[in-house]
Amino acid sequence: MMCRIRAFEDAAEIASKGGVAAFGQAAGSTAHVRGPLHLSTGQEAVPAGVCAHLRPADYMTSTHRGHGHTLAKGADLAGMMHELFGKATGFCGGRGGSMHIADFSVGMLGANGVVAAGIPIAVGAAQSIKIRASHGNPDAIAVTFFGDGAINRGPFAESLNWAAAFKLPLLFVCEDNQWSATTKTGAMSAGEGAAARARAHGLVAETVDGNDVGAVSETARALIADIRQGKGPALLHARTYRFKGHVSVDPAAYRDPKELEAALEHDPLVLAARKLIQLGINVADVDSIMQAAREEVAAAVASADAAAWPDDAAAFTEIQSMGAGQWL
């Protein structure tokens, strides 16, 4: 799964070149992906480790950096690439694009372009699970992914309080990549961070190396098992790092190159491959995993490029008019 996420993000980055006007989009750009594209390159161990323990009946909300979460929850890779390309065959018919991608068929309730806005949506999903517990899937849970910057926004505190007060089946996952857009999170965050704030609301909270997929998986497994048993919400604080800039064409000139160089030494894919080889897995077999992922993604790019654009009339579907009059 980590290889599939990395291969997807690499291809999406290439497809977005020239597609963001704020960073010098040329007239007549042939970019396949238009508009902001937020990559999760370097953070793959978090969604892979957490979602390995989720079921289709479980709900999940994501962030503006949600490709990895969506894939790890079980969404179709090709369908997601089609959505990024804005094609009619995408999950949302090309309307959602990168920041609002969703696939309800696997419980992925949506990425979100507003920082922290996905958290209370997951609280609502967890509340619905509890209300409907007698109607099937009584041990289903909800999971919400959010970045370290989100913990400084009001919805985070409100959601912790509500989830704890009503003992909801919800796992909060703070994907701490150390950067809030272009600002170091530590420079603007008081206290000891996400885990401390969760414990202050009575939640169990664990901090883990977010680049070690085994550690993420084991910690998530234990927390999710307790949540399914009705022990209430919990928080997983995963320390990781974002290799790319805030958006796909952001050169991240505000970041010390030495910081990135040090982070690359802890690339989750490299660490996982090294561990597999230490366990006796053949190097060629390990390498073949990434090769297979890149081939899958290449096929998805080709099919997305060939897919049809939405009809003009599609712009007016799934829109509710709140009064009289015509759309202009």
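I will try to describe carefully the structure that is included in this document. None of the values given here were measured: they were computed from a predicted structure.

## With respect to helix 5 (residues 118-131)
Link 1 in the chain: Its 14 residues give helix 5 an end-to-end C-alpha distance of 20 Å, which sits within 8% of 20 Å, the value for a rise of 1.5 Å per residue.
Link 2 in the chain: Those residues of helix 5 lying buried are Gly118, Ile119, Ala122, Val123, Ala125, Ala126, Gln127 and Ile129.
Link 3 in the chain: Where helix 5 is buried, its residues meet strand 1 (59-61), strand 2 (142-147), helix 6 (154-165) and strand 3 (170-176).

## What about the sheet that holds strand 2?
Link 1 in the chain: Taken together, five strands build an open sheet; the order of strands is 1-2-3-7-6 and the sheet is parallel. Every other strand in the sheet has two partners, leaving strand 1 and strand 6 (204-209) as the edge strands with one partner each. With strand direction ignored, the average angle separating the axes of adjacent strands in the sheet is 15°.
Link 2 in the chain: With three bridges connecting them, strand 1 and strand 2 associate as parallel partners. When the sheet's bridge partners are listed, Met60 is paired in strand 2 with Val143.
Link 3 in the chain: Sheet strands touched by helix 5: strand 1, strand 2 and strand 3. Its angle to strand 2, the strand with the most contacts, is close to 170°.

## Here's the deal with the layout of surface pockets
Link 1 in the chain: Reported here for the largest pocket is a volume of approximately 330 Å³.
Link 2 in the chain: In terms of lining residues, the largest pocket is bounded by 25 residues, among which His64, Val115, Gly147, Gly149 and Ala150 are the most central.
Link 3 in the chain: Elements with a contribution of two residues or more to the lining of the largest pocket: helix 5, strand 2 and strand 4 (179-180).
Link 4 in the chain: Here the element with the most residues in the lining of the largest pocket is strand 2; it accounts for three residues.
Link 5 in the chain: Of the residues belonging to the lining of the largest pocket, the class tally is 10 nonpolar, 11 polar and four charged.

## Some thoughts on the pattern of salt bridges
Link 1 in the chain: On inspection of all chains with the given rule, the structure shows 11 salt bridges.
Link 2 in the chain: Note that Arg6 and Asp267 form a salt bridge whose closest N and O atoms lie 3.0 Å from each other. Taken together, the positions of Arg6 in helix 1 (residues 2-15) and Asp267 in the loop between helix 9 (257-264) and helix 10 (268-278) put the pair 261 residues apart, joining distant regions of the chain.
Link 3 in the chain: Exposure remark for Arg6: the relative accessible area of 9% places this residue in the buried category.
Link 4 in the chain: The exposure class of Asp267 is buried, given its relative accessible area of 9%.
Link 5 in the chain: Taken together, the shared-partner salt bridges connect Arg6, Glu44 and Asp267 into one network.

## Things to note about the environment of Asp76
Link 1 in the chain: Tracing the sequence through the fold places Asp76 in the loop between helix 3 (67-72) and helix 4 (77-84).
Link 2 in the chain: For the pair formed by Asp76 and Leu170, sequence separation is 94 residues and the distance between their alpha carbons is 24 Å.
Link 3 in the chain: Setting aside residues up to four positions removed in sequence, Asp76 forms contacts with Phe91 and Asp103.
Link 4 in the chain: Within polar-contact distance, the side chain of Asp76 engages the backbone nitrogen of Ala78 at 3.4 Å.

## Overview of the packing of helix 1 against helix 10
Link 1 in the chain: The interhelical angle for the contact between helix 1 and helix 10, taken along N-to-C directions, is 145°, at an axis separation of 10 Å. Helix 10 is crossed by helix 1, and the crossing has left-handed handedness. Residues Met2, Cys3 and Arg6 of helix 1 touch helix 10, and the partners they reach there are Pro268, Leu269 and Ala272.
Link 2 in the chain: The residue inventory of the contact of helix 1 with helix 10, partitioned by class, reads five nonpolar, no polar and one charged.

## Here we look at the pairing of strand 6
Link 1 in the chain: Both strand 6 and strand 7 (residues 234-239) contribute to a ladder of six bridges, which runs parallel. Among the inter-strand pairings, Asp209 is bridged to a residue of strand 7, identified as Arg239.
Link 2 in the chain: Traced from strand 6 through helix 8 (residues 213-228) to strand 7, the parallel crossover comes out right-handed.

Parameters and conventions
- Residues numbered from 1 in each chain as written.
- Predicted model: local features only at pLDDT ≥ 70, side-chain atom pairs only at ≥ 80, totals over all residues.
- Heavy atoms only, no water.
- Helix = DSSP H or I, 4+ residues; strand = E, 2+ residues; numbered from the N terminus.
- Expected span 1.5 Å × (residues − 1).
- Buried < 20%, exposed > 50% of the residue type's maximum accessible area, 1.4 Å probe, protein only.
- Contact = heavy atoms within 4.5 Å.
- Pairing = 2+ DSSP bridges.
- Axes fitted to C-alpha atoms, helices over the stretch in contact; angles between N-to-C directions.
- 1 Å grid on protein atoms, 1.4 Å probe; cavity = no way out; pocket = protein on both sides within 12 Å on 5 of 7 lines; lining within 4 Å.
- Points joined across faces, edges and corners; volume = space filled by probe spheres on them.
- Nonpolar A, V, L, I, M, F, W, Y, C, P; charged D, E, K, R; others polar.
- Salt bridge = Lys/Arg side-chain N within 4 Å of Asp/Glu carboxyl O.
- Polar contact = N/O pair within 3.5 Å; in protein donor to acceptor, adjacent residues only side chain to side chain.
- Left-handed = near helix turned anticlockwise from the far one by under 90°.
- Right-handed = clockwise from strand over helix to strand, strands pointing away.

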